[in-house]
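# Structural features, examined
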Amino acid sequence: MTDADYLRIATEEAFATPELMTLWRDMLDTGTDLDPGFVSLVGFYARHGGERARTVAERLQDLGERRLADMDAAGIARQVISLTAPGVQVLAPGQAVAMATVANDRLAEACRRYPDRFTGLTAVAPQDPSAAAREIERGVSLGFKGVIINSHTHGEYLDDQKFWPILEAAEALDSPIYLHPTTPPRTMIQPLLEAGLDGAIYGFAVETGMHLLRLITAGVFDRFPRLRVVLGHLGEALPFWLYRLDFMHAATVRSGRYDAVRPIVGKPSDYLRRNVWVTTSGMAWHPAIMFCRDVLGHDRVLYAMDYPYQYVIDEVSIQDDLPIDDAAKKAFFQTNAEQLFGL
Ligand code: 1DF
Ligand code: MN
């Protein structure tokens, strides 16, 4: 990978602790009435013996030489690292809090060892909202620059007021929340799962895009106007829907059809432009990236790789070749991330 006039900061990069991998495997072996999305996703990466599952599982657990070598080979200066989906969000509450603490301690240690290569996000257990809020605070003291939430928790979404202590802490500490996908909950997954579409191919985006949309329509950003949310995968399709979201939201509010769709201060697109940043994880495609830059703003679109799930070195040069000028490229790869995460 050749040098460029900018540092490439990759912003949706995953890791897993050996402790969590072990616990997930125990759940797969002995758990009853398991979440079907958990079985589909973790059953594959933790259990399937094939090449993809094995190399991803190995790379997830490396916070040292192998990861750094992969970054060097791809020309990545820095990874913003977060606990991979579904993280602790599939666990029972007490266990989830403990596992998040261990994950954060391990990630913080790696970030201390390689301060010019790794930045961490705080993993939390939304199952215990007040513990999660305290962990966000501890994360700040560990040097983390945001929070990772792997979408729904046991089928529940962050617009539920019981989770608001988490949003309140994130806003107060100026910590962006990376709302990362996971498999849809059992109430949503069946038609996707039976077709093999529950994962990163499409199910992730449907579920996570809906999650962000719920936050908007529930008025979460009126209550927490300085809350910043990061979406991967170029905004989980929402930028493409802006016009229709605004039109149908206004029509739905006017109709009085749903208690859940009450007036909010702005249009859905206003919140997407004001409170949301998007990364290019898994979406190394010029037309889609240029479209998002156009409709959200050049300062809102950031580079991400999605290591190790999409460790494709050619996708770095594809994005080096975006049809934008040098200053814009530096913003895309480097300074937008520095500003958003306060690096
Ligand atoms: C996959 C993709 C898995 C992404 C991920 O975490 C993930 C995948 C479990 O391909 O199965 O973060 N992704 O963001 O696209
Ligand atoms: Mn990802």
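Let me begin by describing the structure that accompanies this report.

Conventions used here
Residues numbered from 1 in each chain as written. Chains lettered and ligands numbered in written order. Predicted model: local features only at pLDDT ≥ 70, side-chain atom pairs only at ≥ 80, totals over all residues. Heavy atoms only, no water. Helix = DSSP H or I, 4+ residues; strand = E, 2+ residues; numbered from the N terminus. Rg over C-alpha atoms; globule rule 2.2 N^0.38 Å. Areas by Shrake-Rupley, 256 points an atom, 1.4 Å probe, with all protein chains shown as cover. Lys, Arg positive; Asp, Glu negative; His and termini not counted. Charge placed at Lys NZ, Arg CZ, Asp CG, Glu CD. Axes fitted to C-alpha atoms, helices over the stretch in contact; angles between N-to-C directions. Parallel < 35°, antiparallel > 145°, perpendicular 65-115°, else oblique. Left-handed = near helix turned anticlockwise from the far one by under 90°. Contact = heavy atoms within 4.5 Å. Nonpolar A, V, L, I, M, F, W, Y, C, P; charged D, E, K, R; others polar. Donors = N, O, S within 2.8 Å, 3.2 Å for Na, K, Ca; no water. Buried < 20%, exposed > 50% of the residue type's maximum accessible area, 1.4 Å probe, protein only. Near = heavy atom within 4 Å. Polar contact = N/O pair within 3.5 Å; in protein donor to acceptor, adjacent residues only side chain to side chain. Pairing = 2+ DSSP bridges. Phe/Tyr/Trp six-rings, centres within 6.5 Å; stacked < 30°, edge-to-face > 60°. Lys NZ or Arg CZ within 6 Å of the ring centre and 35° of its normal.

## A closer look at the overall build of the protein chain
Looking only at helices and strands, the protein chain has 16 helices and 9 strands in total. Against the compact-globule benchmark of 20 Å for 343 residues, the protein chain has a radius of gyration of 19 Å, which places it among compact chains. Projected onto its principal axes, the C-alpha coordinates of the protein chain cover approximately 55 × 55 × 45 Å. Here the protein chain displays about 14,500 Å² of accessible surface, and carbon together with sulfur accounts for 54% of that area. Charge-centre separation for the protein chain: the mean point of 33 positive side chains lies 3 Å from the mean point of 45 negative side chains.

## Concerning the packing of helix α6 (residues 129-141) against helix α7 (residues 164-172)
In contact at an axis separation of 8 Å, α6 and α7 are set at 15° when each is read in the N-to-C sense. When the axis of α6 is compared with that of α7, the two are roughly parallel. Between α6 and α7 lies a crossing of right-handed hand. Packed against α6, whose contacting residues are Pro129, Ala132, Ala133 and Ile136, the element α7 presents Pro165, Ile166, Ala169 and Ala170 at the interface. The residue inventory of the contact of α6 with α7, partitioned by class, reads 8 nonpolar, no polar and no charged.

## Some thoughts on the coordination of the manganese ion (ligand 2)
Reference geometry at the metal: tetrahedral coordination by four donors gives ideal angles of 109.5 degrees; octahedral coordination by six donors gives 90 or 180 degrees. Here the manganese ion (ligand 2) is held by the protein donor atoms Glu12 (OE), His180 (NE2) and Asp306 (OD), which lie 2.0 to 2.4 Å from it. For the manganese ion (ligand 2), all donor residues lie on one chain, and their spacing in sequence is E-x167-H-x125-D. Here Asp306 lies in the loop between β9 (301-302) and α15 (314-320) and His180 lies in the loop between β6 (177-179) and α8 (186-194), a separation of 126 residues in the sequence. Each member of the pair, His180 together with Asp306, is buried.

## Let's talk about the site of ligand 1
In the vicinity of ligand 1, the contacting residues are Glu12, Leu41, Tyr45, Arg52, Thr84, Ala85, His180, Ala200, Phe204, His233, Asp306 and Tyr309. Here His180 contributes a side-chain N or O atom positioned 2.7 Å from an oxygen atom of ligand 1. Starting from 360 Å² of accessible surface for ligand 1 in isolation, the protein chains cover 90%. Among the residues making up the shell around ligand 1, the classes are represented as 6 nonpolar, 3 polar and 3 charged.

## Comments concerning the sheet that holds strand β3 (residues 118-120)
Taking strand neighbours across the sheet as the criterion, the 3 strands line up as β1-β2-β3 in an open arrangement whose pairing is parallel. Strand pairing shows two members of the sheet lacking a second neighbour, β1 (9-15) and β3, which therefore form its edges. Direction aside, the axes of adjacent strands within the sheet are offset by 35° on average. With 5 bridges connecting them, β1 and strand β2 (residues 78-83) associate as parallel partners. Residue Glu13 lies in a different strand from β2, and its bridge partner there is Ile81. Sheet strands touched by helix α5 (residues 93-113): β1, β2 and β3. Its angle to β3, the strand with the most contacts, is close to 155°.

## So, the packing of helix α3 (residues 51-60) against helix α4 (residues 65-74)
It is the contact of α3 with α4, at a shortest axis distance of 9 Å, that shows an interaxial angle of 110°. The orientation of α3 with respect to α4, classified from their angle, is roughly perpendicular. When α3 is examined against α4, the residues Glu58, Arg59 and Leu60 are found in contact with a partner set consisting of Arg66, Arg67 and Asp70. Counted by class, the contact of α3 with α4 contains 1 nonpolar, no polar and 5 charged residues.

## Focus on the packing of aromatic side chains
For the coordinates displayed, the defined rule picks out 11 aromatic pairs. Here Tyr303 and Phe333 contribute two aromatic rings whose centre-to-centre distance is 5.0 Å and whose plane-to-plane angle is 40°, an arrangement assigned as tilted. On the criterion of sequence distance, the pair formed by Tyr303 in the loop between β9 and α15 and Phe333 in helix α16 (residues 326-341) is long-range, its members being 30 residues apart. Judged by its relative accessible area of 2%, Tyr303 falls in the buried class. Through pairs of rings, three or more aromatic residues link up here, namely Tyr6, Tyr303, Phe332 and Phe333. Positioned over the ring face of Phe333 is Arg8, at 5.9 Å from the centre of the ring. The ring of Trp277 carries the charged tip of Arg228 above its face, separated from the ring centre by 5.9 Å.

## Considerations on the sheet that holds strand β5 (residues 147-149)
Judged by pairing direction, the sheet is parallel, and its 6 strands sit side by side in the order β4-β5-β6-β7-β8-β9 without closing on themselves. Only two strands of the sheet have a single partner each, and these edge strands are β4 (122-123) and β9. By the bridge criterion, 3 bridges tie β5 to β6 in an arrangement that is parallel. Note that in β6 the partner of Val147 across the bridge is Ile177.

## Regarding the environment of Val147
Among the secondary structure elements, Val147 is positioned in strand β5. Distance in space between the C-alpha atoms of Val147 and Gly199 is 22 Å, their sequence separation being 52 residues. Val147 has contacts with Leu121, Thr122, Val124, Ile136, Ser175, Pro176, Ile177 and Tyr178, leaving out every residue within four places of it along the chain.

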